[in-house]
Every structure is written in C-alpha cells, then in structure tokens.
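A structural walkthrough
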Amino acid sequence: MKIAVLGGDGFVGWPTSLHLSDAGHEVHILDNLSRRWIDTELGVQSLTPMDSIQERTRIWHAETGRRIHFHLIDLAKDYELLKGWLAANRPDAIIHFAEQRAAPYSMKSDRHKNYTVNNNVNATHNLLNAMVELDLDAHLIHLGTMGVYGYSTVGAAIPEGYLPVGIETMDGRTVSQEILYPSNPGSIYHMTKCLDQQLFAFYAKNDGLRITDLHQGIVWGTHTEQTRRHEQLINRFDYDGDYGTVLNRFLIQSAIGYPLTVHGTGGQTRAFIHIQDSVRCIEIALNTPPARNNRVEIFNQMTETHRVRDLAEMISKMSGAQIAWLPNPRKEAPENDLVVKNDKFLSLGLQPTTLGEGLLAEIVDVAKKYAYRVDRSRVPAVSAWTRDIAAKVEHDPEGMRLKSVS
Ligand code: USQ
C-alpha cells in the first residue's frame, strides 16, 4: 500500500513509519517538524539524541534498502500544498498523527491554547476537506485519545466509542439510539480530540469517508523492533514536565536519581499501551478498513490500566527511588476507577505487552545511557490548569513530601 504518515517524525509516528516500511509498504512522511521547534521553544531536548528526519530516513535506506520519503508540509497552514500532494500521490491509506499532543503544553498560556486549537482542528479539517474535494477513497486512521471519555468513575466499562441509549419519546415509548460516548475532555489538547470526533462523524455521514479513530492510552517505552536496529534510528524519549508522560517520566527519574513526581495523591487511574503494541495496533487497523457505511470505526487502543501511585510504588521498589508527593498542577479527579473495553484489537490478534515483561528495566537502561543529556531543572511539571492552581503551585514550587518505599 502507499501510505501517508502525517506527523511521521513524532514519538509514535516515527516507529510507525519504520514498522510499515519494514512490512513492505510505500511510506511517505508528511510533517512540519513542529515538535522539534517546540523543543527549541521550551529549551529542552529528547533524552535520546535524534538525527534530522532526512538523516534518519537515509540510515533506514542504508540498513534495509527501503525508502521512506519525507515531505515538509504544514497541514494546518498549507492547505493547497497538502491538497496538491494528495492529488499527485493518491495514497491508499492516511495515518494522521499531525497534532500537538501534550496536555500540559496546551494549558501553558492563552497563546498555547490558541496554537493547539488552531493547529489540531485545522489540520484535521484541512485533511478531510481535501479528501472529499479530490474524491480520495483512502482509509483514514486517526490517533485519538482515551482522554475523550474523561476520567469520572461511572461504575461501568467504557465501550469502544459508542454508547447505546434509550430515549423516551413524547408519546411514552422508548427508542434506542447509538451515540458517541459523551465526551469529557480534561485539557485543551483533549478537547481538540473531541472536536476531531465531531468532524469525523460529519464527514463519514455526509461524504462516506472511511475513517478509523484510535482512542489511545498513554504510550510507554521507547524502542520498537525497528528503532533498535541502528543507533541513528532511535526514537525520541521525552522527560520534561510538558511532553514527558507519566510512566516514562518515572522510569527516567529513577534512572537519574530524581524523586518520582506524583501529582496529588496519585489516585488517578489511566490506560496504558507499550509503543510496540501501538504500532502493531495501527497495522491491524490498516488491514481492517471499515466499509463505506457512514460510521466511524472506533477502537480503544490500550492494553492495561494503572493508578499513578501504584506505578510510582512499583518503580520505587524496583529501583529504590524516592517518591515526591507534589501539589497537582492539573484540574482532574484526585481518584478515579477506569475499566475499558478493548475487545476489538484482542479479537483481531493483538497480544498485549504488559508492564511485567522485563521491559521496564530496558527503558531504565536507555535512560541511564543518556542521563548526561538531562537538564534536571526541566523535570518539574509547571504548566498549571487554572490561575488558582498556579498560585498554589508557585507558593510551594518544590512542594516535595518525599517517601521511600521499602
Ligand atoms: N502525572 C503525574 N506525574 C507526572 C506526570 C503526570 O502524576 O510526572 C499524572 C497526571 O497528573 C495525570 C496522569 O499522570 O493524572 C497522566 O498524565 P500524562 O502526562 O502521562 O498523560 P496525559 O496528559 O493524559 O497525555 C498523554 C499524551 C496524550 C495522550 C494521552 C492518553 O501526552 O497525547 O492522548 O496521554 S490518555 O491519558 O489516555 O488520555
């Protein structure tokens, strides 16, 4: 298949591009390299040393004989360029990662909120619009988020996208309807993914576009089978307070002797997936395109759920790291349960890679190898969700109540 990977230079986009190229597909990365610019803006860098996208693709070709093509295109701003590229290349499938993906970055300031909304919503809409205009029957796979469902405990498992509801009619009957699960975003970033859902529903209904939306949990790990093949194919690995995600941050913190930064009580339960499974799921979705039936296909792309404090205590036991109980910079439920259905990927053959499989130590080893690149001052999460929270966090900037787990 000819596949366009939008955002193919990013944390999941790059290993996905390698995985699909390895499987024999013709892969084209379209990317504006914004993630690299954001590193520059924030004054941070990936823990792992990353080469330019051109150098990465050159090494891939030298290693495997396969070409991954790179095209510098900004989906949100260069509509005509995007449309021209799609018209000239007419890919069979499009994988859409090209959005600003960090919740803390999206909450940093009014400018960051505007950027995230403009970038994410325009990128998605430009793409859908161009596909219709060009009568392009490509299968669109979008990387969405588990965060569209929100994290309130309802005492029922979260279904894969849709909820059957009974509606009482005016003449007293009950009619059943299937609706998108009520969205409940916890950040501006997550809100853009909820808006994306509406765009997809409209374009599937109105224009019959074939769309799969993957509601992904927190991705952990860094290596995949392909990124391991050469030092210069290495994936990015974020540790800073805006882009580093919780489990990877804890593993890196334990490797550099930094206390594990638990927000609040650590009672937040979240869904997780290893990066190797993430790329496998995308391949499974690619091989299972939906029919042109006006309905968006939705998968929950996660394999297990964990409470933040349980992860901290597990890593503390494993490494002897201390735990820092910090004031939470986010506005979120301090404690929640989370039960998620993921039957669709399991029935299509996904064999989950779980936390217990020795991979945690491998990640700590990667972190130790590159520990010299860490700027410890960039570890704390400083983006606050509201002014009130910012004031509390500022009063208590370190705020660390340290605890060792023996
Ligand atoms: N947290 C800590 N300590 C930290 C970092 C985070 O306690 O040092 C807590 C947060 O307060 C939050 C939870 O861990 O309760 C998860 O935070 P996160 O930064 O790991 O993940 P999140 O902001 O939700 O976003 C990440 C990705 C996003 C993806 C999402 C999937 O950045 O692109 O959509 O995970 S999900 O969480 O399922 O919505």
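Structure's up top.
The sections below set out a description of the structure shown in this document. (Residues numbered from 1 in each chain as written. Predicted model: local features only at pLDDT ≥ 70, side-chain atom pairs only at ≥ 80, totals over all residues. Heavy atoms only, no water.)

To continue, consider helix α3 (residues 53–64). In this model, α3 (twelve residues) spans 16 Å end to end at C-alpha, consistent with the 16 Å of a helix rising 1.5 Å per residue. The secondary structure elements touched by the buried residues of α3 are α1 (13–22), β2 (26–31), α2 (34–42) and β3 (68–72). (Helix = DSSP H or I, 4+ residues; strand = E, 2+ residues; numbered from the N terminus. Expected span 1.5 Å × (residues − 1). Contact = heavy atoms within 4.5 Å.)

With that settled, consider the sheet that holds strand β5 (residues 139–145). Strand order in this open sheet of seven strands is β3-β2-β1-β4-β5-β8-β12, and the pairing throughout is parallel. Two strands bound the open sheet, and with one partner strand each, they are β3 and β12 (297–301). Across the sheet, the axes of successive neighbouring strands diverge by a mean angle of 20°, strand direction being ignored. Where strand β4 (residues 93–96) meets β5, four bridges bridge the pair, whose relative direction is parallel. Along β5, the bridge assignment pairs I95 with I141. Contacting β1 (2–6), β4, β5 and β8 (211–216), helix α6 (residues 110–133) crosses the sheet at an angle of about 170° to β4. (Pairing = 2+ DSSP bridges. Axes fitted to C-alpha atoms, helices over the stretch in contact; angles between N-to-C directions.)

The buried fraction of helix α8 (residues 246–256) amounts to eleven of the eleven residues, a majority that puts the element mostly inside the structure. Among all positions of α8, only V246, L247, N248, R249, F250, L251, I252, Q253, S254, A255 and I256 are buried. On its buried side, α8 packs onto β9 (218–220), β10 (260–263), β11 (269–274), α10 (308–319) and α12 (359–369). G257, located one to two residues past α8, shows a positive phi value of around 70°. (Buried < 20%, exposed > 50% of the residue type's maximum accessible area, 1.4 Å probe, protein only.)

Another point: the packing of aromatic side chains. All told, the structure shown has five aromatic pairs when counted by the stated rule. Between Y149 and Y181 the ring centres are 5.3 Å apart and the planes differ by 90°, which places this aromatic pair in the edge-to-face class. Placement of Y149 in the loop between β5 and β6 (162–168) and of Y181 in the loop between β7 (174–180) and α7 (188–207) is noted, with a sequence separation of 32 residues between them. Judged by its relative accessible area of 16%, Y181 falls in the buried class. A ring pair is formed by F202 and Y203, whose centres lie 5.4 Å apart and whose planes are at 90°; its orientation type is edge-to-face. Taking the relative accessible area as the measure of exposure, Y203 reaches 9% and is therefore buried. One aromatic cluster is present, formed by Y105, Y115 and Y243 through successive ring pairs. Above the ring of Y162, the side-chain terminus of R295 is found at 4.1 Å from the ring centroid. (Phe/Tyr/Trp six-rings, centres within 6.5 Å; stacked < 30°, edge-to-face > 60°. Lys NZ or Arg CZ within 6 Å of the ring centre and 35° of its normal.)

Time to look at the packing of helix α4 (residues 79–89) against α6. Two elements in contact, α4 and α6, have axes whose closest approach is 10 Å; the angle formed by their N-to-C orientations is 45°. By the angle between their axes, α4 is oblique relative to α6. The handedness of the crossing between α4 and α6 comes out as right-handed. Two secondary-structure elements touch here, α4 through Y79, L82, K83 and L86 and α6 through N126, L127, N129, A130 and E133. By residue class, the composition of the contact of α4 with α6 is five nonpolar, two polar and two charged. (Parallel < 35°, antiparallel > 145°, perpendicular 65-115°, else oblique. Left-handed = near helix turned anticlockwise from the far one by under 90°. Nonpolar A, V, L, I, M, F, W, Y, C, P; charged D, E, K, R; others polar.)

Before going further, it helps to examine the pairing of β5. Each regular strand shows side chains that alternate between the opposite faces of the sheet. Of all the seven residues making up β5, seven are buried; the element is thus mostly covered by neighbouring parts of the structure. As judged from the six bridges shared by β5 and β8, these two strands associate in the parallel manner. Of the residues in β8, the one forming a bridge with I141 is T212.

This part covers the pairing of β11. The element β11 is largely enclosed, with a buried count of six among its six residues. Going residue by residue along β11, you find T269, A271 and I273 tucked away on one face and R270, F272 and H274 tucked away on the opposite face as well. In this sheet, strand β13 (residues 304–307) lies alongside β11 in antiparallel orientation, the contact comprising four bridges. From the neighbouring strand, T269 faces β13, where its bridge partner is R307.

These figures come from the coordinates and say nothing about function on their own.
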